Amino acid sequence: MFSGKNDDLIVHRRQNGAMTHQVARPGPLAIRRLTTVGGTELQALAALLIDCVDGGASVSFMHPLPLAKALDFWRTVAYGAARGERVLLVAEDGQGICGTVQLMLAQPENQPHRADVAKMLVHRRARRQGLGAALMQAAEQAAREAGKTLLVLDTASAEAERLYARQGWQRVGVIPGYALLPTGEPCDTAYFYKVLG
Ligand SMILES: CC(C)(COP(=O)(O)OP(=O)(O)OC[C@H]1O[C@@H](n2cnc3c(N)ncnc32)[C@H](O)[C@@H]1OP(=O)(O)O)[C@@H](O)C(=O)NCCC(=O)NCCS
């Protein structure tokens, strides 16, 4: 479904009350950057996070994740996106937002060249079609545009590890028992980095 090719198109527009910049159109689905997040987007992002936690993903939250807590999380993300402290990218299909990833731009003053990639989430309905790869390419493009040359992330997902390795990320190592799965069992976390050429 996805070519994985970004078209470098930057378009400012309003949709559902949210200001967006369109950063990539990798096929029938669009990936766009949200700088303000409207109510429709907040609800969809919360539903996406809940779907991933329901599916067992270790993404900071325990199961079951209440809607109010998920909405609070995305409100905090929206605040950071509006302040330019982070990039919030979303992908949409015919049912609405089905994927997202963030770039944490705000870093200590001695690491201005670095950003962290966080909360890469693809709804279970949209997985294994290349959306994760397209989101990562869009995140890297946004990082370059922000002048970043070093990206860092961590993951407790074997699927995500394969995705990052395919895209040229370097696996640094694993911290055993770093976090908990949504059901409470400890899980290991692998750290990755990528130098942007
Ligand atoms: C990890 C995650 C983001 C991957 O998203 P995704 O959209 O499924 O990723 P992709 O489609 O790019 O790749 C996934 C697999 O589908 C395969 N694939 C991609 N396009 C395909 C296609 N058109 N047909 C068949 N398979 C395809 C890929 O080769 C890959 O295979 P692999 O798992 O055997 O390595 C997703 O599983 C997810 O959201 N997990 C829960 C949250 C999480 O753990 N996030 C990571 C936090 S760091």
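Up top is the structure.
Bear in mind that the values here come from a model prediction, so they are computed numbers and not experimental data.

Asker: For the overall build of the protein chain, give the residues involved together with the corresponding values.
Answerer: For the protein chain, the count of helices and strands is four helices and nine strands. The secondary structure elements of the protein chain, listed N-terminal to C-terminal, are β-β-β-α-α-β-β-β-α-β-α-β-β. For the protein chain, the proportion of its 197 residues judged to be buried stands at 36%. Long-range pairs, those at least 24 residues apart, make up 57% of the contacts in the protein chain between residues at least 6 apart in sequence.

Asker: Describe in detail the site of the ligand, supporting the description with residues and values.
Answerer: Close contacts around the ligand come from 20 residues, with A57, R127, G132, T155 and S157 the closest. Breaking the shell around the ligand down by element, the ones donating at least two residues are β6 (114-122), α3 (131-145) and α4 (158-166). Sort the elements by how many residues they give to the shell around the ligand and α4 lands first, with four residues. Tallied by class, residues from the shell around the ligand come to eleven nonpolar, five polar and four charged.

Asker: Account for the environment of E161, naming residues and giving values.
Answerer: Mapping E161 onto the fold places it in helix α4. We classify E161 as partly exposed; it has 16 C-beta atoms within 10 Å. Measuring from C-alpha to C-alpha, the distance between E161 and R171 comes to 8.4 Å, with ten residues separating the pair along the chain. Every residue in contact with E161, bar those within four places of it in the chain, is listed here: T155 and A190.

Asker: Help me get a handle on the nonpolar core, residues and values and all.
Answerer: Counting residues in each nonpolar core, the largest one holds 50 residues, and the members touching the most others are L49, L89, L103, L135 and A139. No other element matches α3, which puts eight residues into this core.

Asker: Now, about the packing of helix α1 (residues 39-54) against helix α2 (residues 67-82): what can you tell me, with residues and values included?
Answerer: Relative to each other, α1 and α2 sit at 120°, their axes nearing to 9 Å. Looking at the two axes, α1 sits oblique to α2. Seen from above, α1 lies across α2 with right-handed handedness. Two secondary-structure elements touch here, α1 through L42, L45, A46, L49 and I50 and α2 through L67, A70, L71, F73, W74, R75 and A78. Residues belonging to the contact of α1 with α2 are distributed by class as follows: eleven nonpolar, no polar and one charged.

Asker: Lay out the pairing of strand β8 (residues 170-180) in plain terms, naming residues and giving numbers.
Answerer: Pairing of β8 with strand β9 (residues 186-195), which is carried by seven bridges, proceeds in the antiparallel orientation. Across the sheet, the residue bridging to A179 is C187, located in β9. Connecting the antiparallel pair β8 and β9 is a turn made up of five residues, with G184 showing a positive phi of about 110°.

Asker: Describe in detail α2, supporting the description with residues and values.
Answerer: Helix length check: α2 (16 residues) gives 22 Å between terminal C-alpha atoms against 22 Å at 1.5 Å per residue, within 8%. Turning to α2, its buried residues are A70, W74, V77, A78 and A81. Projected down its long axis, α2 shows its buried positions confined to an angular sector of 105°, all on one face. Turned more than 90 degrees off the buried face of α2, the exposed positions are A68, D72, T76 and Y79. Phi turns positive one or two residues past the end of α2, at G84, with a value near 75°.

Asker: If you had to explain unusual backbone geometry to someone new, which residues and values would you point to?
Answerer: Here the bond from H63 into P64 is cis, since omega is 0°, no more than 30 degrees from zero. Residue placement: P64 occurs in the loop between α1 and α2. You will see that S60, though not glycine, has its phi angle at about 90°, which is positive. Under the C-beta neighbour-count criterion, S60 is labelled partly exposed, with 14 such atoms within 10 Å.

Definitions and limits used
- Residues numbered from 1 in each chain as written.
- Predicted model: local features only at pLDDT ≥ 70, side-chain atom pairs only at ≥ 80, totals over all residues.
- Helix = DSSP H or I, 4+ residues; strand = E, 2+ residues; numbered from the N terminus.
- Buried ≥ 20, exposed ≤ 12 C-beta atoms within 10 Å, placed from the backbone.
- Contact = placed C-beta atoms within 7 Å.
- Near = placed C-beta within 6 Å.
- Nonpolar A, V, L, I, M, F, W, Y, C, P; charged D, E, K, R; others polar.
- Core = buried A, V, L, I, M, F, W, Y, C linked by C-beta atoms within 7 Å.
- Axes fitted to C-alpha atoms, helices over the stretch in contact; angles between N-to-C directions.
- Parallel < 35°, antiparallel > 145°, perpendicular 65-115°, else oblique.
- Left-handed = near helix turned anticlockwise from the far one by under 90°.
- Pairing = 2+ DSSP bridges.
- Expected span 1.5 Å × (residues − 1).
- Arc of directions from axis to C-beta.

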